[in-house]
Amino acid sequence: MITKVTTGLTPTVHWVDRDGVQGRYDLNLLDWRERQWLFVEGPQGPEPAWLWLTEQGLPMLPDRWNTVFRQANQRCKQALLTPQERETSRLLRVAEIRGKVPYATPHSMRHSMALYMLILLNELMDKKYGLTAADRRDFAQLYGDPWWLVKTLLGHKDVETTKEHYLRPVMHLQLESILAFDTEDEHGEKTVETKDLNGLFARLARETSGIQDIEVLVDALPVAEAS
């Protein structure tokens, strides 16, 4: 049972076991097996300190997430593909069929978070501070740019790892043009297509093969159901 957690350079978790023996350990050195047996005092008694719990309220083992995502992918396939399309295994489906249904994994959620945070941080920096290109360079030298912040969130040592492996789908795009709230169509007319973040991500999904827009996929749901 956790009694307290200290902060500072080396956070330490203090506990007392079922026999009343007190102990403590460096929080950063606890592995997942030890963490899953830590408890806190809840309003109705001891509760797991583990963030992710099963339906029974017990700590979920890390590999159980694969089952959660596999079942979610099966539900998406059932809803978005016709019976004929489902007969072919995913690896043998043509690209057009595979593109109709999302295939999510815990790691793909990490990629999605990285993309979302990159766009959000760029958008917030542009809107909140109103910085020019030169101002942004100065700001990045002092405080770090959005790439550096995303790198930190992902726990990468080198920002090039973040750019090369996690955000490769947007490497060919200029973020400044993506984030422009006033863009021009082919006739030179101003458009507000990218007025909000939903519009930004919808545009990215249309222009980049490595990104899916779930709302576009769900629009096909009535067709699949009717089939």
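Check the entry above for the structure.
Residues numbered from 1 in each chain as written. Predicted model: local features only at pLDDT ≥ 70, side-chain atom pairs only at ≥ 80, totals over all residues. Heavy atoms only, no water.

Enquirer: I keep staring at the packing of aromatic side chains and nothing clicks. Help me out?
Expert: Geometry of an aromatic ring pair is reported as the spacing of the ring centres plus the angle between the planes. Per the stated rule, a full pass over the model turns up two aromatic pairs. Seen from their ring centres, tryptophan 52 and tryptophan 65 are 5.2 Å apart, and the 90° between their planes marks the pair as edge-to-face. Residue tryptophan 52 is found in the loop between β5 (45–48) and α2 (64–80), and its partner tryptophan 65 is found in helix α2; the two are separated by 13 residues along the sequence. Classification of tryptophan 65 by relative accessible area gives partly exposed; the value is 24%. (Phe/Tyr/Trp six-rings, centres within 6.5 Å; stacked < 30°, edge-to-face > 60°. Helix = DSSP H or I, 4+ residues; strand = E, 2+ residues; numbered from the N terminus. Buried < 20%, exposed > 50% of the residue type's maximum accessible area, 1.4 Å probe, protein only.)

Enquirer: Help me understand α2, please; the structure alone is not making it clear to me.
Expert: Given 3.6 residues to a turn, an α-helix orients residues that are three or four positions apart in the same direction. Here α2 is 17 residues long and its end C-alpha atoms lie 25 Å apart, about the 24 Å a rise of 1.5 Å per residue gives. Those residues of α2 that sit buried are Phe69, Asn73, Lys77 and Leu80. Buried residues along α2 cover an arc of 85° about the axis, so they all sit on one side. Opposite its buried face, α2 presents the exposed residues Arg75 and Gln78, each directed more than 90 degrees away. (Expected span 1.5 Å × (residues − 1). Arc of directions from axis to C-beta.)

Enquirer: Help me understand the packing of helix α7 (residues 146–154) against helix α8 (residues 159–166), please; the structure alone is not making it clear to me.
Expert: The axes of two packed helices give the description: the angle between them and the distance between them. As a packed pair, α7 and α8 sit with axes 8 Å apart at the nearest point and diverge in direction by 85°. With respect to each other, α7 and α8 are oriented roughly perpendicular. On α8, the residues touching Trp147, Trp148, Val150, Lys151 and Leu154 of α7 are Val159, Thr162, Lys163 and Tyr166. Of the residues in the contact of α7 with α8, the class split is six nonpolar, one polar and two charged. (Axes fitted to C-alpha atoms, helices over the stretch in contact; angles between N-to-C directions. Parallel < 35°, antiparallel > 145°, perpendicular 65-115°, else oblique. Contact = heavy atoms within 4.5 Å. Nonpolar A, V, L, I, M, F, W, Y, C, P; charged D, E, K, R; others polar.)

Enquirer: Quick question: what am I supposed to make of the pairing of strand β4 (residues 39–42) here?
Expert: Where β4 lies against β5, four bridges are found, and the strand directions are antiparallel. Following the sheet pairing, phenylalanine 39 is matched in β5 by proline 48. Between the end of β4 and the start of β5, which pair antiparallel, lie two residues. (Pairing = 2+ DSSP bridges.)

Enquirer: Can you walk me through the pattern of salt bridges in this structure?
Expert: Once the charged atoms of two side chains with opposite charge are near each other, the side chains can pair. Considering all chains together, one arrives at two salt bridges under this definition. Arginine 64 is paired through a salt bridge with aspartate 63; the nearest N and O atoms lie 2.8 Å apart. With a relative accessible area of 44%, aspartate 63 lands in the partly exposed category. The salt bridge involving lysine 100 is made with glutamate 85; its shortest N-O contact spans 2.6 Å. Here glutamate 85 lies in helix α3 (residues 83–86) and lysine 100 lies in the loop between α4 (95–98) and α5 (106–129), a separation of 15 residues in the sequence. Relative accessible area serves as the criterion here: at 14%, glutamate 85 is assigned to the buried category. (Salt bridge = Lys/Arg side-chain N within 4 Å of Asp/Glu carboxyl O.)

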